[in-house]
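# Topology and contacts: notes
Below, each chain spelled out in residue letters.
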Amino acid sequence: MDVHGTVAEGFEPVRKAFVRNFETLGDRGAAVTVYRNGQRVVDLWAGAKDVDGEADGDGTAPWQRGTAQVVRSATKGVAAAVPLLLHQYGELDLDAPVGHYWPEFKTQGKERVLVRHLLNHRAGLPLLDRPLTPRETLDPLRGAEAVAAQAPVWEPGTDHGYHALTYGWLLDGLVRRVSGRGAGEWIAERIAAPLGLDFWLGLPDAEAGRVGRVGPVEGPEPSGALRARPKRSVTEAYDDPASVTRRAFAAIDPFPDHNDPEFRAVPHPAANGIATADGLARFYASLIGQVDGVRLFDPATVARARAEESAGPDRVLVVGTRFGLGYMLHGSASPFLAPGSFGHPGRGGSLGFADPETGIAFGYVTNGFRRTVTADPRAQALVRAVRSVVLG
């Protein structure tokens, strides 16, 4: 396997782990980038741009430094920055009822849903009684209309459960009413442009050629809380069509093809952000420090993002999870670098996070989706390598 890119002195274990991902864990095309204190210290890529091609076999283009991929729920971490920044700028009160900004939302017992409940997965709205069709999701307003009309499945604020798809529509509906723009537009103008990020929520036609095809891959059975052969209660939850778990992941039914240009072009803040590894890592680096003179979060917002808001058995994922405001927190279901880390994985492999204590920001993207939900073995191998370097 030809691995391209650079690693700073001392970070060679990350390169070794990256090579092993291709040799033993089934990676086809992938990239990893790590920043430390705002400086890029790892920047590696290898393999084929498209999951169903070979870089030197049938003419498929090889992965380049600027190759981007759909990152699924790693999108949530970038999208979460929008309401937190609106709060930082004094434009959004996290403890206000959502209906204060979004009057159409005040139906079906949702009058007491607070803004923070949308971010900490306590809103009680992880599913839709009538799932949207793929065609309906091409209307950027349709999802928000659906969640505004939906009744909670538990009393808002009393428990937590991962809002796998509805998270994006809830966030986008709120952001539109506070700022007058959708989350995708806001990110492009206020986050991606100042930082020069390779991240898109709603892919422009001009960037489509940089994005590879994604698809399922097989590999050795991973370890972790959400492994390929999870405990019986998790398996039963995913297998039961009536369970909250199954219905949460089926809020769009059937789920669109991630390679469909129409799906990629419409912002879904929960699931279809497109990024390079550098785009994810650079974003997280800017949350905890300056990157080329730009910093997004002030220290109070960093503290807010990673303060535990929800913890324990998750009513959707079934296993124990931990959330701050918009971010997963380090734990058994989603291990990051250290206890103070915050970020978000993407189902199937991608991962982005920051660790303020060490100054580390991490981004991994892949075109090969595995069955993992929050703890992909390829990403975890890279995280362990980073940990060995910075924590010993």
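Please refer to the structure higher up on the page.
In what follows, the accompanying structure is described. Numbering of residues starts from 1 in every chain and runs along the sequence as written. Predicted model: local features are reported for residues with pLDDT of at least 70 only, side-chain atom pairs are reported and counted for 80 or more only, and whole-chain, interface and lining totals are derived from all residues. Hydrogens are left out, water is left out, and the side-chain values use all remaining heavy atoms of the structure.

## A closer look at the environment of Arg 371
In this text, helices come from DSSP runs of H or I with a minimum length of four residues, and strands from runs of E with a minimum of two, each type numbered from the N-terminal end. Relative to the helices and strands, Arg 371 resides in the loop between β14 (368–369) and α13 (377–390). Remark: the alpha-carbon pair of Arg 371 and Glu 218, spanning 153 residues in sequence, is separated by 8.3 Å.

## Focus: the pattern of salt bridges
By salt bridge we mean one thing: a side-chain nitrogen of Lys or Arg within 4 Å of a carboxyl oxygen of Asp or Glu. By the definition in use, this model includes 22 salt bridges. The partner of Arg 130 in a salt bridge is Glu 136, with the nearest N and O atoms 2.8 Å apart. Each residue is placed in one exposure class: buried if its accessible area under a 1.4 Å probe, protein chains only, is under 20% of its type's maximum, exposed if it is over 50%, and partly exposed if it falls in between. Residue classification places Arg 130 among the partly exposed positions, given a relative accessible area of 45%. The partly exposed category is assigned to Glu 136, whose relative accessible area is 21%. One network of salt bridges, in which partners are shared, links Arg 40, Asp 43, Arg 65 and Asp 278.

## Comments concerning empty space enclosed by the protein
Put plainly, a pocket is an open set of points on a 1 Å grid over the protein atoms alone with protein on both sides within 12 Å along at least five of seven lines, a cavity is a set where a 1.4 Å probe fits but cannot get out, and a lining residue has an atom within 4 Å of a point. Grid points are joined across faces, edges and corners, and a volume is the space filled by probe spheres set on the points. With the rule as written, the count across this model stands at five cavities of 30 Å³ or more. Along its surface, the largest cavity is lined by 14 residues, and Pro 345, Ser 350, Thr 374, Ala 375 and Asp 376 are the ones closest to its centre. Residue classes in the lining of the largest cavity are distributed as five nonpolar, seven polar and two charged. In this count, Pro and Cys sit with the nonpolar residues alongside Ala, Val, Leu, Ile, Met, Phe, Trp and Tyr, while Asp, Glu, Lys and Arg are called charged and the others, Gly among them, polar.

## Some remarks on the environment of Val 51
As for its placement among the helices and strands, Val 51 is situated in the loop between β3 (39–47) and β4 (69–70). Taking the C-alpha atoms as reference, Val 51 lies 11 Å from Val 211; in sequence the two are 160 residues apart. Leaving out residues up to four positions away in the same chain, Val 51 has contacts with Arg 28, Arg 213, Val 214, Gly 215, Val 217, Asn 367 and Gly 368. Whether two residues are in contact is decided by their heavy atoms, any of which lying within 4.5 Å being enough.

## Notes on the sheet that holds strand β7 (residues 274–275)
Two strands are counted as paired when DSSP detects at least two bridges linking them. With antiparallel pairing, three strands are arranged side by side in an open sheet as β4-β7-β5. The open sheet terminates on both sides in strands that have one partner only, identified here as β4 and β5 (199–200). Sheet topology note: the β4/β7 ladder contains two bridges and is antiparallel. The partner of Val 70 across the bridge, within β7, is Ile 274.

## Some thoughts on the packing of aromatic side chains
Pairing of aromatic side chains requires ring centres within 6.5 Å, counting the rings of Phe and Tyr and the six-membered ring of Trp. Pairs whose planes differ by under 30 degrees are stacked, by over 60 edge-to-face, and all others tilted. The tally for this structure, following the rule as stated, stands at 13 aromatic pairs. Taking the centre distance of 5.3 Å and the plane angle of 20° together, the rings of Phe 336 and Phe 353 count as stacked. With Phe 336 in the loop between β10 (328–329) and β11 (342–345) and Phe 353 in strand β12 (residues 351–355), the pair connects residues that are 17 residues apart, well separated along the chain. An identical accessibility class is assigned to Phe 336 and Phe 353; each is buried. Put simply, the rings of Tyr 162, Tyr 238, Phe 249 and Phe 323 pair up and form one aromatic cluster. Between Lys 110 and the ring centre of Phe 105, over which it is positioned, the NZ or CZ distance is 4.9 Å. Lysine and arginine charges are scored as sitting over a ring when NZ or CZ, respectively, is within 6 Å of the ring centre and within 35 degrees of the ring normal.

## Considerations on the packing of helix α6 (residues 166–179) against helix α7 (residues 183–195)
To define axes, lines are fitted to C-alpha atoms, for helices over the stretch in contact only, and angles between the resulting N-to-C directions are given on a 0 to 180 degree scale. Between α6 and α7, the least distance of the axes is 9 Å, while the angle of their chain directions is 65°. When α6 is examined against α7, the residues Leu 171, Asp 172, Val 175, Arg 176 and Ser 179 are found in contact with a partner set consisting of Ala 183, Glu 185 and Trp 186.

## Section: unusual backbone geometry
The omega torsion of the bond from Asp 253 to Pro 254 falls at -10°, within 30 degrees of zero and hence cis. With respect to the helices and strands, Pro 254 occurs in the loop between α9 (244–249) and α10 (261–265). Its identity is not glycine, yet Asn 37 carries a phi of approximately 50°, on the positive side. Among the structural elements, Asn 37 can be located in the loop between β2 (29–36) and β3. Since its relative accessible area comes to 59%, Asn 37 is described here as exposed. A positive phi angle is found at Arg 72, which is not glycine, with a value near 50°. Along the chain, Arg 72 turns up in the loop between β4 and α2 (75–88).

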